[in-house]
Amino acid sequence: GLPSKGSALHAVGKCRPCAWLWKATGCQNGQACEHCHACPPGELKERKRLKAAKREKAGAPAQAGCGPMGEPAIIERLPRPVKIDWALVKIDSVLLR
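Just so we're clear, the structure is a prediction, and the values are computed from it rather than from any experiment.

1. Points about helix α1 (residues 43–57)
For an α-helix, 3.6 residues make a turn, and residues three or four places apart therefore share a direction.
Line of reasoning, step 1. Under the 1.5 Å per step criterion, the end-to-end length of α1 is 21 Å for 15 residues, consistent within 8% with the ideal 21 Å.
Line of reasoning, step 2. The positive-phi residue at the C-terminal boundary of α1 is G59, with phi of around 80 degrees.

2. What about the pattern of salt bridges?
Line of reasoning, step 1. Under the defined criterion, the tally for this structure stands at 3 salt bridges.
Line of reasoning, step 2. In this structure, E43 engages R47 in a salt bridge whose closest nitrogen and oxygen atoms are separated by 2.8 Å. You can see E43 and its partner R47 sitting in helix α1, 4 residues apart, about one turn around the helix.
Line of reasoning, step 3. R47 sits in the partly exposed class, given a relative accessible area of 26%.
Line of reasoning, step 4. In this structure, the salt-bridge partner of E46 is R49, at a minimum N-O distance of 2.6 Å. Residue E46 and its partner R49 are located together in helix α1, separated by 3 residues, close to a single helical turn.
Line of reasoning, step 5. Relative accessible area serves as the criterion here: at 47%, R49 is assigned to the partly exposed category.

3. A closer look at the side chain of S4
Line of reasoning, step 1. Topologically, S4 is positioned in the segment before α1.
Line of reasoning, step 2. S4 gets classed as buried once you look at its relative accessible area, which sits at 1%.
Line of reasoning, step 3. Of note is the side chain of S4, whose polar atom sits 3.2 Å from the backbone nitrogen of H37.
Line of reasoning, step 4. Once residues lying within four places of it in the same chain are set aside, the contact partners of S4 are G30, Q31, C33, H35, C36 and H37.

4. Concerning the state of the cysteines
Line of reasoning, step 1. Taken as a whole, this structure holds 0 disulfides when the rule is applied.
Line of reasoning, step 2. The thiol of C27 is unpaired, and the distance to the nearest cysteine sulfur, on C33, comes to 3.7 Å.
Line of reasoning, step 3. With no disulfide of its own, C39 has C15 as its nearest cysteine by sulfur position, at a separation of 3.5 Å.

5. Side note on the environment of H10
Line of reasoning, step 1. Inspection of the secondary structure assignment puts H10 in the segment before α1.
Line of reasoning, step 2. For H10, a relative accessible area of 28% corresponds to the partly exposed category.
Line of reasoning, step 3. For H10 and H37, which are 27 residues apart along the polypeptide, the C-alpha to C-alpha distance reads 8.9 Å.
Line of reasoning, step 4. In this view, H10 contacts C15, C36, A38 and C39; residues no more than four positions away in its chain are not counted.

So, how was this worked out
- Numbering of residues starts from 1 in every chain and runs along the sequence as written.
- Residue-level local features of this predicted model are given only where pLDDT is at least 70; pairs of side-chain atoms are given and counted only at 80 or more, and the full residue set underlies all totals for whole chains, interfaces and linings.
- Derived side-chain values reflect all non-hydrogen atoms in the structure, with water molecules and hydrogen atoms excluded from consideration.
- Helical segments are the DSSP runs of H or I of at least four residues, strand segments are the runs of E of at least two, and each set is numbered from the N terminus.
- To estimate how far a helix should reach, multiply one less than its number of residues by 1.5 Å.
- Salt bridge, as used here: a side-chain nitrogen of Lys or Arg that lies within 4 Å of a carboxyl oxygen of Asp or Glu.
- Burial status follows relative accessibility: with a 1.4 Å probe on protein chains alone, a residue under 20% of its type maximum counts as buried, one over 50% as exposed, and anything between as partly exposed.
- Polar contacts here mean pairs of N or O atoms no more than 3.5 Å apart (in protein, one a potential hydrogen donor and the other a potential acceptor; neighbouring residues in sequence count only if both atoms are side-chain atoms).
- Contact criterion: two residues are considered in contact whenever any of their non-hydrogen atoms come within 4.5 Å of each other.
- Two cysteine sulfurs form what is called a disulfide whenever their separation falls within 2.5 Å.

Right under this line is the structure:
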């Protein structure tokens, strides 16, 4: 039999790796798990890395909230750094200083 219900499409590469299988606690769903238990350790991380690389290569905008410091990502990258004069920035008509 299959290691899990979600492993049915593993042979054709259409499965979704189980995020819990290789953790210390393991997958609590066992054979009833909808995700693949036949994928090797690190497969989920590798697929995420490949998906991000594909998205970046296609020039897709960054996901919101994924900036380097946790701030919302800038959709369009500027050609050079832009200096912000914070003395002139207003939020809801309140001048920030």
